[in-house]
Structure formats: C-alpha cells, structure tokens
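Residues per chain, in single letters:
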Amino acid sequence: MPLISEITALRATIQDWRRQGLRIGFVPTMGNLHAGHLQLVKTARQHSDKVVVSIFVNPLQFDRASDLSAYPRTLEQDCQHLSGLADAVFTPTPELMYPNGQQQQTRVIVPGISQVLEGALRPGHFDGVSTVVCKLFNLVQPDVACFGEKDYQQLALIRKMVSDLNMPIELIGVPTVRAENGLALSSRNGYLTQSELAQAPALAATMHAIAERISAGEREFAALVQDASARLNDQGFVTDAIDIVDASTLLPMTEHSQAVVILMAAFLGKARLIDNQVVSL
Ligand code: PAF
C-alpha cells in the first residue's frame, strides 16, 4: 500500500487506475484511526475497485491552536490498520495543502448549514472542513466517498457542497460504530481517563432516553433538553449543546417535519464528545 505525500504522485496513481476503467473510492480522515474509520474504508471498498484514504490533520478547521497541536498523530499505527484495506494513503503536509498560507487560501463556504448549531459554537470550523474536503475531492476525483454519520452536521454540509457545486461524487453516510457499552467510537475518546471512559456511555444513554420520550409523543423539546443537560452535568459532564431539530434541514421542527435529530455535545474532562440520533415522528 503506497504512502503518497506529493500531488503529482497521487494524480499519476489515480490516472493509472482511471485508464484501467476502475472505480475510485475515497475516505478522508485526520488519522488516529479506530474501528469507525475502518468501517468507512470497508464500505468504500464495497462500492469501488480502489480505495484512497487521506490522513491530514487540517489546521483550517481547528478553532483552538492548543486543540490542533494536541490532536493525536499516529501515522505508523494508522498504516498498519489500513494495510490490506486501502490501496493508497495520501498524507499531505499543511504546506502542500495550503502553499500560500492559510490566510490566502480560497475558501469554500456552505451557507446556512455551516453557521448553525455546531457551526455557531465553533465559528469557521465548517468553512475549514468544506474547504479541505473540496480540495481533497479535486485531488482524488473519487466516484464515491464515505463519511461517518457520527458527524451528522458535517455529512449534511458535504452533501450540500457536492450538490451545490455539481460534483459527480456519490456520498455514502456510514452508521456510527459503538463500543459494546454504547459509546460512539471517536479519536477524542483517547483523551479520556479510565474513570471518564466508564462515565462516557452516559452521553449515548441520555440521548436514547430523549429519543424514547420523543417516540412516545413528547414535543416539549426545551424541557427534554433541560432534563438531559441536568442529567449529564450530574454525571460529570459539562454539557456544551443539546439540540433537537428537523433531521433534513437542521432547522427547528415544523408541522412538515418527518424526523428530528438529537445532536449532543458535552465535555468530559479534556474531551468534547458528540453523538446524534435520528427519531422518526
Ligand atoms: O471528519 C473528519 O475527520 C474531518 O473533518 C475530515 C472530513 C477528514 C476533514 O478534515
């Protein structure tokens, strides 16, 4: 499995596959791979002949420099995980991706969706995501790309970008992979201490409890959010945001809504954990 760190080499590999008429799958990542990422790669394999995985800790999407520098970089271990699953791993540097510096980089901004919810809490974050994903799509030119449903708003953002910019790419959302105790797998779980790891499944449990109450007919979302937030805070979390919004628009539910999504974000120690669940109405 070649490790490619130059654009010319990446393009040559892709061109060679294209000449052979092969279908190309793509999984963008920031590394520190876990079973959730590997599920994305396996899904990409099922829908393509060759799979490219990118590993790039994208500085443009971090709102805090301390978060960027602390982000785990585990390239050797990542390559071991990918061996036999991926056909090429693209590992660009920030200088290769942003040769004129981050300030001078042309941005791709997805209006609306990038500014609400998580986007309002982390200004500029989603602009960094859409910009890097657009650049990676231009470099890899995949037929199909896989993203985790765990990052619900990110997937919605990429779907809108692909549609608005007429990119001929099939997007596949892959269901969240969970530990047996319900905790959604995430690179950020690595920041948790042993005791926090034992507390962490409470996030998913609280979310499932809200989902049950909505399924049972409750529509007082503000009260549900308040209860859930208090419950999490009692269990050692610091709730950052809990939102219940229309699952398609990410806007407040209306009489036309067919499903809502519960979006959870809470700090546990140093880790900011997120999760989500869609509930049909
Ligand atoms: O989900 C991620 O890991 C990142 O946001 C992505 C899509 C690789 C862009 O940097």
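In this text, all values refer to a predicted model and were calculated from it rather than measured experimentally.

Peer 1: Whenever I open this one, the pairing of strand β5 (residues 144-148) confuses me. Can you help?
Peer 2: Here is the key point about a regular strand: its side chains alternate between the two faces of the sheet. Counting buried residues in β5 gives four out of five residues, a clear majority hidden from the surface. As judged from the five bridges shared by β5 and strand β6 (residues 170-174), these two strands associate in the parallel manner. Paired with Gly148 across the strands is Val174, a residue of β6. Assessed by its sense of winding, the connection that carries the chain from β5 through helix α8 (residues 152-164) to β6 is right-handed.

Peer 1: Sorry, what's going on with the sheet that holds strand β7 (residues 238-246) here?
Peer 2: Strands belonging to one sheet form pairs held by backbone hydrogen bonds; the direction of such a pair is parallel or antiparallel. Taking strand neighbours across the sheet as the criterion, the three strands line up as β7-β8-β9 in an open arrangement whose pairing is antiparallel. Bordering the open sheet on either side are β7 and β9 (271-280), each of which pairs with just one other strand. On average, each strand axis in the sheet is inclined to that of its neighbour by 10 degrees, with strand direction left out of account. Sheet topology note: the strand β8 (residues 259-268)/β9 ladder contains 10 bridges and is antiparallel. In the sheet register, Ile262 faces β9, and the bridge partner there is Gln277. Packed onto the sheet, helix α10 (residues 202-215) meets β7, β8 and β9 and runs at close to 20 degrees relative to β9. Those strands touched by helix α11 (residues 221-234) are β7 and β8, and its axis lies near 155 degrees from that of β7.

Peer 1: Even after reading the chapter, I still don't get the packing of helix α1 (residues 7-19) against helix α7 (residues 125-140), so can you show me in this structure?
Peer 2: The packing of two helices is summarised by the inter-axis angle and the distance between the axes. Contact geometry for α1 and α7: axes closest at 9 Å, N-to-C directions at 55 degrees. One way to sum up the angle between α1 and α7 is to call them oblique. Contacts from Ile7, Leu10, Arg11 and Ile14 of α1 reach α7 at Asn138, Leu139 and Val140. A per-class count over the contact of α1 with α7 returns five nonpolar, one polar and one charged.

Peer 1: Would you mind showing me how to read the nonpolar core here?
Peer 2: Nonpolar side chains in soluble globular proteins tend to be buried together. Among the nonpolar cores identified, the biggest contains 44 residues, and Val52, Phe137, Ile158, Met161 and Leu250 are the most heavily contacted of them. Among the elements of the structure, α1, β2 (24-29), β4 (88-90), α7, β5, α8 and β8 are those that each provide at least two residues to this core. Top contributing element to this core by residue count: α7, with nine residues. Residues Met207, Ile214, Val260 and Ile262 belong to the second largest nonpolar core, which totals 24 residues.

About the thresholds
- Residues numbered from 1 in each chain as written.
- Predicted model: local features only at pLDDT ≥ 70, side-chain atom pairs only at ≥ 80, totals over all residues.
- Heavy atoms only, no water.
- Buried < 20%, exposed > 50% of the residue type's maximum accessible area, 1.4 Å probe, protein only.
- Helix = DSSP H or I, 4+ residues; strand = E, 2+ residues; numbered from the N terminus.
- Pairing = 2+ DSSP bridges.
- Right-handed = clockwise from strand over helix to strand, strands pointing away.
- Axes fitted to C-alpha atoms, helices over the stretch in contact; angles between N-to-C directions.
- Contact = heavy atoms within 4.5 Å.
- Parallel < 35°, antiparallel > 145°, perpendicular 65-115°, else oblique.
- Nonpolar A, V, L, I, M, F, W, Y, C, P; charged D, E, K, R; others polar.
- Core = buried A, V, L, I, M, F, W, Y, C linked by side-chain atoms within 4.5 Å.

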